[in-house]
Amino acid sequence: MTKIAANQPKLNDETPVELQEMAAAIEALPARYRDAVAPALARVVECSTRRRRILNLVQEALSQLRLDMKYLIFDLEATRRERDQYKEMLEQDGRL
């Protein structure tokens with residue numbers, strides 16, 4: 001009994017429906033087949049969960065990068081406007 005419990009994957013709401021269905025189908029198998037297949041299913045669920053976490057991290061990083069780019073573009077445009085204003089002031093004073 002402890003062997004089965006140790007091999008059962010940790011399914012949650014984030015686990016894809018297909019894997020949940022596969023886990024239910026494997027759970028319905030006789031014990032000797034279930035014990036043979038359960039470790040592989042546990043690894044697949046673990047990899048799927050890890051990939052989902054990585055994807056979420058990448059999406060968050062991309063969102064932050066987009067926001068940072070908007071700030072940089074705003075700052076660049078403001079700097080250009082300031083430069084043009086100072087250049088115009090210098091030209092009016094006859095220093096340029």
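Per chain, the residues get numbers from 1 upward, laid out in the order the sequence is written. For a predicted model such as this one, the threshold for reporting local features is a pLDDT of at least 70, and the threshold for listing and counting side-chain atom pairs is 80 or more; totals across whole chains, interfaces and linings nevertheless cover every residue. Side-chain calculation: all heavy atoms of the structure are included, whereas hydrogens and water are not.

> What is the right way to look at the packing of helix 2 (residues 17-27) against helix 3 (residues 31-93) in this model?
What describes two packed helices is the angle between their axes and the distance between those same axes. Contact geometry of helix 2 with helix 3 gives a least axis separation of 10 Å together with a crossing angle of 165°. Taken together, the axes of helix 2 and helix 3 are roughly antiparallel relative to one another. Crossing angle aside, the handedness with which helix 2 passes helix 3 is left-handed. Contacts between helix 2 and helix 3 involve Leu19, Met22, Ala23, Ile26 and Glu27 on the former and, on the latter, Arg34, Val37, Leu41, Val44, Val45 and Ser48. Residue classes in the contact of helix 2 with helix 3 are distributed as eight nonpolar, one polar and two charged. Lines fitted to the C-alpha atoms define the axes, with helices restricted to the stretch that makes contact. Angles between their N-to-C directions range from 0 to 180 degrees. Per the convention used, a helix needs a DSSP run of H or I reaching at least four residues, while a strand needs a run of E reaching at least two, with both numbered from the N terminus. The cut-offs work like this: below 35 degrees is roughly parallel, past 145 is roughly antiparallel, 65 to 115 is roughly perpendicular, and the gaps in between are oblique. Left-handed describes a crossing whose near helix is turned anticlockwise from the far helix by less than a right angle; the clockwise case is right-handed. In this description, contact between two residues means that some pair of their heavy atoms is separated by no more than 4.5 Å. In this count, Pro and Cys sit with the nonpolar residues alongside Ala, Val, Leu, Ile, Met, Phe, Trp and Tyr, while Asp, Glu, Lys and Arg are called charged and the others, Gly among them, polar.

> Can you help me understand the nonpolar core in this one?
Generally speaking, soluble globular proteins have nonpolar side chains that are buried together. Here, nonpolar core refers to any group of buried Ala, Val, Leu, Ile, Met, Phe, Trp, Tyr and Cys residues whose side-chain atoms link them within 4.5 Å. Here's how the labels work: a residue is buried when its accessible area is under 20% of the maximum for its type, exposed when over 50%, partly exposed in between, all with a 1.4 Å probe on protein chains only. Leu19, Ala23, Ile26, Leu41 and Val45 together form the largest nonpolar core, which totals five residues. Put simply, the parts of the chain that give this core at least two residues each are helix 2 and helix 3. Among the elements that take part in this core, helix 2 stands out by supplying three residues, more than any other.

> For this particular structure, what's the right way to read a nonpolar patch on the surface?
Exposure above 30% relative accessible area and no salt bridge define the residues that can form patches, which grow by joining like charges within 9 Å and nonpolar side chains of Val, Leu, Ile, Met, Phe, Trp and Tyr within 5 Å. Residue burial considers only the protein chains on display, and all accessible areas are found by Shrake-Rupley using a 1.4 Å probe. Any carboxyl oxygen of Asp or Glu that lies within 4 Å of a side-chain nitrogen of Lys or Arg is treated as forming a salt bridge with it. A cluster of nonpolar side chains, Ile54, Val58, Leu62, Leu65, Met69, Leu72 and Ile73, forms an exposed patch at the surface whose accessible area comes to about 630 Å². One can find Leu72 in helix 3.

> What exactly am I supposed to notice about helix 2 here?
Within an α-helix, residues lying three or four positions from one another point in the same direction, as the helix has 3.6 residues per turn. Of all the positions in helix 2, only Leu19, Ala23 and Ile26 are classed as buried. One face of helix 2 carries all of its buried residues, which in axial projection span an arc of 65°. With respect to the buried face of helix 2, the exposed residues turned more than 90 degrees away are Val17, Glu18 and Glu21. The secondary structure elements touched by the buried residues of helix 2 are helix 3. What the arc describes is the spread of directions from the helix axis to the C-beta atoms.

> What should I look at first to understand the pattern of salt bridges in this one?
Any two side chains of opposite charge can pair, so long as their charged atoms come close to each other. Applying the stated rule across the entire model yields two salt bridges. Its salt-bridge partner being Arg50, residue Glu46 comes within 3.2 Å of it at the nearest N-O pair. Residue Glu46 and its partner Arg50 are located together in helix 3, separated by four residues, close to a single helical turn. Residue classification places Glu46 among the partly exposed residues on the basis of a relative accessible area of 47%. Looking at Arg50, the relative accessible area reads 38%, which means it is partly exposed. Put simply, Arg83 and Asp84 hold a salt bridge, and the shortest N to O gap is 3.1 Å. Assessed through its relative accessible area of 39%, Asp84 is described here as partly exposed.

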